[in-house]
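# Tertiary structure, described
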Amino acid sequence: MKEVVLCFLDIESNMLRDSWLNSWAARLAPRSKHKRAPQVHVELFFRDGDSNEGYCTSITYNKKIHWFKKSFSRQWSFRSIYMADHIYVKLKAFCLQHIGCKFNKVGFYLMSIGLRIPGTYPTYFGFKRRFFCSEYVATALRECELLPQNASKVMHPQELYELIAPISSISSLKQYGHDEINYDI
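Residues numbered from 1 in each chain as written. Predicted model: local features only at pLDDT ≥ 70, side-chain atom pairs only at ≥ 80, totals over all residues. Heavy atoms only, no water.

### Structural notes on the pattern of salt bridges
The tally for this structure, following the rule as stated, stands at six salt bridges. A salt bridge links E143 to K153; its shortest N-O distance comes to 3.4 Å. Of this pair, E143 sits in helix α4 (residues 133-143) while K153 sits in the loop between α4 and α5 (157-164), and the two are ten residues apart along the sequence. E143 gets classed as partly exposed once you look at its relative accessible area, which sits at 35%. Among the residues examined, K153 registers a relative accessible area of 22% and is labelled partly exposed. (Salt bridge = Lys/Arg side-chain N within 4 Å of Asp/Glu carboxyl O. Helix = DSSP H or I, 4+ residues; strand = E, 2+ residues; numbered from the N terminus. Buried < 20%, exposed > 50% of the residue type's maximum accessible area, 1.4 Å probe, protein only.)

Have a look at this one:
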């Protein structure tokens, strides 16, 4: 079994607090069942074996899909999904094939009025597909049958967070040995 970690940032993160775009995304978030601050960004993390290191992939506004080594701060929320090796290979291949795809501004903005427009429209003109962060991650998970086929590819990060909760586990990117964990009782 292989692990992929979904890394979420909520609007209360210091990394996002001053961003008008993320504030706007937070206002569009579906209401959480758990009364938490809404998630407004998501990335996939592919761990290198049992180490704390690995490769991260996602996209941010006006950028392109990236694939690079990254370390994460404590401000992130992590959810692990475990899968068979062949599914892991398929998911990683999907992500690597889409490096360099641009941001789906049309789909991102139209979500505010309830329209879900996937970033497939550029392909009609011979261009690469476009994504925003949660669209990219949801599409990748759906293509690998980790999400139901009837799940939307175009969804808000908060919606994705709640959708994957039953099939994932709360996680950390840091590995601890049993002798490193202390409980204050």
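### A few points about the packing of α4 against α5
Between α4 and α5, the least distance of the axes is 9 Å, while the angle of their chain directions is 30°. Between α4 and α5, the angle is such that the two are roughly parallel. On α5, the residues that touch C133, S134, V137, A138 and L141 of α4 are P157, L160 and I164. Residue composition of the contact of α4 with α5, grouped by class: seven nonpolar, one polar and no charged. (Axes fitted to C-alpha atoms, helices over the stretch in contact; angles between N-to-C directions. Parallel < 35°, antiparallel > 145°, perpendicular 65-115°, else oblique. Contact = heavy atoms within 4.5 Å. Nonpolar A, V, L, I, M, F, W, Y, C, P; charged D, E, K, R; others polar.)

### Quick notes on the packing of aromatic side chains
Counted under the stated rule, the structure contains eleven aromatic pairs. Ring centres 5.1 Å apart and planes at 70° place the aromatic pair Y61 and F103 in the edge-to-face group. Remark: F103 occurs in the loop between α2 (85-97) and α3 (105-110) and Y61 occurs in the loop between β3 (54-58) and β4 (66-69); sequence separation between them is 42 residues. By relative accessible area, F103 is classed as buried at 6%. (Phe/Tyr/Trp six-rings, centres within 6.5 Å; stacked < 30°, edge-to-face > 60°.)

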